[in-house]
Amino acid sequence: MTPDHNDLWFLPLGGAGEIGMNLNLYGHDGQWLMVDCGVTFPKPGRIAADGTVHHRGEPPVQMADPAFIADRRDKLAGLIITHAHEDHIGAVPYLWPLLQCPVYTSRFTAEILRRKLAEFDLLHRVPIIEVDTGERRQIGTFNVQWLALTHSIPDPNALMIRTRIGNIFHSGDWKLDDNPLVGHGYTTSTFTDLAEEGVAAMVCDSTNATVQGHSVSEAALHEGLRDLIAVAEGRVIVTCFGSNIARLHTLASIARETGRYMGLLGRSLVNMSGAAKATGLWPGSDKLISPAHLGYLPRHEVLGVATGSQGEPRTALRRLAQGSHPDFELEAGDTVIFSARAIPGNEEAIEALISQLRKLGVIVITAEDAGVPIHASGHPAQDELKAMYRWVQPRIAIPVHGEAEHMDVHADLAKGAGVPRAMVGRNGDLFMVRPVPGIRRQVVETGRLGWQKQELVRVY
Ligand SMILES: [Zn+2]
Ligand SMILES: [Zn+2]
C-alpha cells in the first residue's frame, strides 16, 4: 500500500479511539511522514494477551506497534514530535531503532528527547533537527510549518502540512490560553490565514470535546492557589504534573508572596524544570531550594511541589503519605493540594492515597472540592473547538486524541461550526483526503508493544 502523487492520506496507528500512545502517519507521493510517537500506561492488574498480569511495581510502558511503517522505513521521510508529553514523545527511544529517520521538533521538546535518548544510549545516533515556531521545513515531499499554539507544557506546536495536492492542519494537543505565563502564546491570524490558503482536512484533539465552554487559563489559577496556601498553617505540598512549567511558575510566585521556600520533590519535576532552565523557559525570579533543606525549615515556611498526583507508586507524594520520604515527614495540620485532575482509571489509586494522607491528619484539598479553580486543563472545550473550526475552515474534520464518544461529539461540533464533512475512525483505518474523500476500514493491522526485560514484546 503506497500513496501515489494523487493521494493524500492520513493513517493513525495509535491515538484514534483512545487517549494515549499517539502515532500518526501522513502519506503522499510514495512517502510517509510520522507525527508523534507516544506511550500509554496500562492500568495495574490488567491482563495482557500473553497472560502477563501487570501489577507489582511499575506497569510496563506500552506503545503502538509500528510494524506497518517499520516495514517501509525507506519511505519514511521523518518524524515530527509536536510536544513533550509522554503520549506524544515517550515511545521514541523504544521505536526509533525500527524507524531510523530524522526527528524534527521544537527546542524544549528536543531537550526532553535528548534526556530520554541518553538513558537508552541513543543520543548520538538519532538525528534531531530543532525547528523554531513559525519556521517551514521541507521533509521529503511534505512542506511542514510549525505554528504556535498553547497547551499545558512549554513549546507546543500545531502543524500545517503542505503538499502539491492539498494541505492538512494537524492541531496537536492545544487549548486557547490568552495568558499561558511561560513560552509562546498564539495569534488568531495564524489560523485565519490558513483558511485563505485552503485546508483540505483538520486532524484535531478531541480530549475535552464533551466539555462545554472554554478551558481555564493558567493565569487564572494564581488567586485560588494563593488563597489556599496563604491560610495554611503547616507545610504545604502541591502535587501537579511536572511538565507544567507555567504551574511551577505560579507556585514559585506564590511562595514569594506567602513567605515560603519552594522545593521540588520527584524525578520528573527536577528533570522538567532542568529542561526549562536549559532552554531559557525558567523565569529567573523563580527560586528553588534543595528538598533536603525543606525538613529543617519551620513548617510554615515550606512549599513542596511533589510528583504523584495520580497515586502512582514510588512517587514523592506516595512516599510522603507512607512516611518513607528521605527528606521529611508530613505531620497533622500540614496541607496537601491536588492541582491536577484524576486521569480516568486512576481514581482508586488516588482515593487510597488521599485516605492515607488523612490518616496522618493532613488536610487534603482536591481540584473538585477547592471551591476555586486550582487546575486548568490543557485541552480545548467546545467553544475553543468551534472557534478553531471557524478560523481554519477545513473541508474535512478528522477528530483524533479521544475515545469514540469524544470523537463523535467532536465531529458533530465541527459540522455545527460549518465544516462540510467529518470522518471518524480508529487506529488502522485509512483516511483518504485526496483524491476522493473517504475511509477504508482496518486496512492496516494495529497492535500494542510493551517494554519488558529490556526488549519489546507484543502485548496484544
Ligand atoms: Zn499534551
Ligand atoms: Zn496528548
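Residues numbered from 1 in each chain as written. Chains lettered and ligands numbered in written order. Predicted model: local features only at pLDDT ≥ 70, side-chain atom pairs only at ≥ 80, totals over all residues. Heavy atoms only, no water.

Caption draft 1: Region of the structure containing helix α3 (residues 92-99). The buried count for α3 comes to six of eight residues, which makes it a mostly enclosed element. Taken as a whole, α3 has its buried residues at V92, P93, Y94, L95, W96 and L99. Backbone geometry just after α3 places Q100 at a positive phi near 60 degrees. (Buried < 20%, exposed > 50% of the residue type's maximum accessible area, 1.4 Å probe, protein only. Helix = DSSP H or I, 4+ residues; strand = E, 2+ residues; numbered from the N terminus.)

Caption draft 2: Looking closely at the coordination of the zinc ion (ligand 2). Protein-derived ligands of the zinc ion (ligand 2) are D87 (OD), H88 (NE2), D173 (OD) and H401 (NE2), with the metal-ligand distances lying across 2.1 Å. Relative to the metal, the four donor atoms surrounding the zinc ion (ligand 2) lie at angles of 87 to 164 degrees, and the coordination shape comes out irregular. Each donor residue of the zinc ion (ligand 2) belongs to the same chain, with the gaps between them written as D-H-x84-D-x227-H. The two metals, the zinc ion (ligand 2) and the zinc ion (ligand 1), are separated by 3.5 Å and share D173 as a common coordinating residue. Taken together, the residues span a long stretch of sequence, with H88 in helix α2 (residues 86-89) and D173 in the loop between β12 (166-170) and α5 (188-197) at a distance of 85 residues. For the pair shown, H88 and D173 are each scored as buried. (Donors = N, O, S within 2.8 Å, 3.2 Å for Na, K, Ca; no water. Tetrahedral: all angles 85-135°; square planar, octahedral: opposite > 155°, others 65-115°.)

Caption draft 3: Fine view of the confidence of the model for the protein. In this model, the protein carries a mean pLDDT of 94, and residues with pLDDT of at least 70 account for 96%. Every residue in residues 45-59 scores below 50 in pLDDT, and together they form 28 contacts with partners more than four places removed in sequence or on other chains. (pLDDT = per-residue confidence, 0-100. Contact = heavy atoms within 4.5 Å.)

Caption draft 4: Spotlight on the coordination of the zinc ion (ligand 1). Only H83 (NE2), H85 (ND1), H151 (NE2) and D173 (OD) from the protein coordinate the zinc ion (ligand 1), and they sit 2.2 to 2.4 Å from it. Note that the zinc ion (ligand 1) binds four donor atoms; their angles at the metal cover 91 to 164 degrees, and the shape is irregular. Each donor residue of the zinc ion (ligand 1) lies on one chain, and together they are spaced H-x1-H-x65-H-x21-D.

Caption draft 5: Highlighting the packing of aromatic side chains. The tally for this structure, following the rule as stated, stands at 10 aromatic pairs. Ring geometry for F10 against Y26: centres 5.1 Å apart, planes inclined by 35 degrees, an arrangement best described as tilted. Placement of F10 in strand β1 (residues 8-14) and of Y26 in strand β2 (residues 23-28) is noted, with a sequence separation of 16 residues between them. Y26 shares its class with F10; the two are buried. (Phe/Tyr/Trp six-rings, centres within 6.5 Å; stacked < 30°, edge-to-face > 60°.)

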